[in-house]
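Coordinates in review
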Amino acid sequence: MRVTPCQASLAAAIGLNLLLLYCGWPWGPAAPASSCRIPRGIPGVTVLLREFEPADNDVPGTTRAFSLRHPVLVVTDTVLYPPLPLPPGVAVFPVHPVPERPPPLAHPELRVRTRHVALVPDGTRAVPGLLERMRDALEAGSGDARIAVAPVGTAPLRCLEMSLESREWTVRYRDAPGIPELCQAVEGSAVLLLRTRDLFALPFPLARPVGTALFIQAAFRGWKLRVVPTAFPLSRRLPLSPHSQWKAQSGLENRRRRLMRDLGIKREVLPDGRERWYGCGKDTARCFGTIHAGTPQYILTGRWTPPCCLRALRETTRHVVSILEASGIRYWLEGGSLLGAVRLRDIIPWDYDVDLGIYKEDVGKCRWLAAAAAGEAVEDEEGFLWEKAAEGEFYRVHYSRSNRLHVDLWPFYSRGGVMTKDTWLGHRQDVEFPERFLQPRVPMEFAGLTAMAPNSAREFLEFKFGAGVIENPEYPNPSI
């Protein structure tokens, strides 16, 4: 049978469409993902332009500077607006998928064919051969170096050491001693070059801010940065207007906050000791949901209480203790809070509330507690919310109406020399105890203040928890 040119063209078009359909179809986890993967064995460097402002940018000039020698992709969150006059061959890829675009075309990594890729900040100008020198420096170095870095502009890069404390949701930066060739992070505008397979093996390869996102993800994997001292020039641009500067700064802060949420970072400690916080505050909900079986969800992921929550608990404790003492209410550290005071002089790192015992007959001395006892939830002058707990006859003081981190106040009363109460929740330490432990109460350091505690703290704790409880820390529900 003779095939006409028209029939051959039609068959080729059908075959191409079937191939595209197969590559983009959600076959599921068992699908052979490599069957349609675009090979990345071509020598060379693809330039990714990712870090730029939507309106006030130099994307046309930056792409022109690199597109003569390298393939260039402009990666955006959405479609560029206003449209930009880009050189021929420069592709634009919005990273957020839309229903009408086939899945393979929504992922720019599928169009990167070269072995290496460079993330270039807006306004950078090309230097012939410099990307290749960065690539050669990366490949000639030790295996720990997985990213090559070169400065942009005249300001030198600041080489930093970085420590990730994932259990504490914290990243710390320190100045690196001397002028090392290998860093863990840099401060300043820079071109970042790495192997294409390394970049797109990261969970957030194109997150912004680009440098921060890559440095933290690299640190989780033990990767280092090799610094190439030769700088790329920076274009001369008119300074941004005050409004544009405000928009750029606001956008950077919002992107950084989203990034830290995705990476599970609640606090950054900068080289000068300043801190950036990304967790909950008085105007937000707390960082974790309902507690089941005495075990917060974050413990199951190998993490401890977020530092913002511990900070809020300390603040709430200081406030409550000051109110109780001013009102003449007899109180003491209870349960796990006393255990934290004895062990650490602080809240146990994985605890999610603070427990104080009070004498029931003293409740009326404090107007906030008296109102809570009458069934009224009241907010005091500093925004802390006092209320009666729904679970029974005790009280909670919340960090705020929105953020329900709290101090529990347990009203005990003496019955024949034994301290008892009306609500029991079945906790291990939730037992009656001799009143002699409170006669007298003694001061103890806790969470940055001096609080009152039972005398003979060790005996009290072992009475409640069992022998060796101080020396043998454990999570609230070890079976889980």
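Cut-offs used in this document
- Residues numbered from 1 in each chain as written.
- Predicted model: local features only at pLDDT ≥ 70, side-chain atom pairs only at ≥ 80, totals over all residues.
- Heavy atoms only, no water.
- UniProt positions renumbered as here; feature names shortened; annotations may be inferred.
- Buried < 20%, exposed > 50% of the residue type's maximum accessible area, 1.4 Å probe, protein only.
- Helix = DSSP H or I, 4+ residues; strand = E, 2+ residues; numbered from the N terminus.
- Arc of directions from axis to C-beta.
- Contact = heavy atoms within 4.5 Å.
- Phe/Tyr/Trp six-rings, centres within 6.5 Å; stacked < 30°, edge-to-face > 60°.
- Lys NZ or Arg CZ within 6 Å of the ring centre and 35° of its normal.
- Salt bridge = Lys/Arg side-chain N within 4 Å of Asp/Glu carboxyl O.
- Pairing = 2+ DSSP bridges.
- Axes fitted to C-alpha atoms, helices over the stretch in contact; angles between N-to-C directions.

The protein is annotated in an unreviewed UniProt entry as Ribitol-5-phosphate transferase of Probosciger aterrimus. Check the Sequence similarities (unreviewed entry) section of the UniProt entry for the protein; it says "Belongs to the LicD transferase family."

Attention now goes to helix α11 (residues 457-465). Among the residues of α11, Ala457, Phe460, Leu461, Lys464 and Phe465 are the ones counted as buried. Looking straight down α11, one finds that the buried residues subtend no more than 105 degrees of arc, so they occupy a single side. Those residues of α11 that are buried are in contact with α9 (335-344), β21 (433-434), β22 (441-446) and β23 (449-454). Looking at the residues trailing α11, positive phi occurs at Gly466, about 115 degrees.

Turning our attention to the packing of aromatic side chains. Under the counting rule described, the total for this entry stands at 13 aromatic pairs. Here the aromatic rings of Phe66 and Phe232 are separated by 6.2 Å at their centres, their planes lie at 45 degrees, and the arrangement is tilted. Taken together, the residues Phe66 in helix α2 (residues 59-67) and Phe232 in the loop between β11 (224-227) and α6 (242-263) connect sequence positions 166 residues apart. Summarising the burial analysis for this pair, Phe66 and Phe232 share the class buried. Ring geometry for Trp332 versus Tyr359: centroids 5.6 Å apart, planes at 75 degrees, classification edge-to-face. Separated by 27 residues along the polypeptide, Trp332 in strand β14 (residues 331-333) and Tyr359 in strand β15 (residues 354-359) bring together distant segments of the chain. Both residues of the pair, Trp332 and Tyr359, count as buried. Three or more aromatic residues joined by ring pairs make a cluster, and in this case those are Trp332, Tyr359, Phe412, Phe433, Phe437, Phe460 and Phe463. The ring of Trp169 has Arg303 sitting right over it, with the charged end atom 4.6 Å from the ring centre.

The next thing to look at is the pattern of salt bridges. Considering all chains together, one arrives at 39 salt bridges under this definition. Among the salt bridges present, the one from Glu268 reaches Arg276, with a minimum N-O distance of 3.1 Å. With relative accessibility at 1%, the residue Glu268 sits in the buried group. For Arg276, a relative accessible area of 30% translates into the label partly exposed.

Let us now look at the side chain of Ser163. Tracing the sequence through the fold places Ser163 in strand β6 (residues 158-165). Under the relative-accessibility criterion, Ser163 is labelled buried at 18%. Sequence-distant contacts of Ser163, defined by excluding residues within four places in its chain, comprise Thr170, Val171, Arg172 and Arg174.

This paragraph deals with the sheet that holds β11. Pairing within the open sheet is mixed, and its 8 strands lie in the order β3-β2-β1-β4-β10-β5-β11-β8. This sheet does not close on itself; its edge strands, each paired only once, are β3 (91-94) and β8 (182-183). Two strands pair when backbone bridges link them, and strand β5 (residues 145-151) and β11 are joined in this way by 4 bridges, in the parallel orientation. Within β11, the residue paired with Ala148 across the bridge is Arg226. The strands touched by α2 within the sheet are β1 (42-49), β2 (72-76) and β4 (114-120), with β2 carrying the most contacts at an inclination of about 150 degrees. Along the sheet, helix α5 (residues 210-220) makes contact with β4, β5, β10 (190-195) and β11, crossing β10 at roughly 40 degrees.

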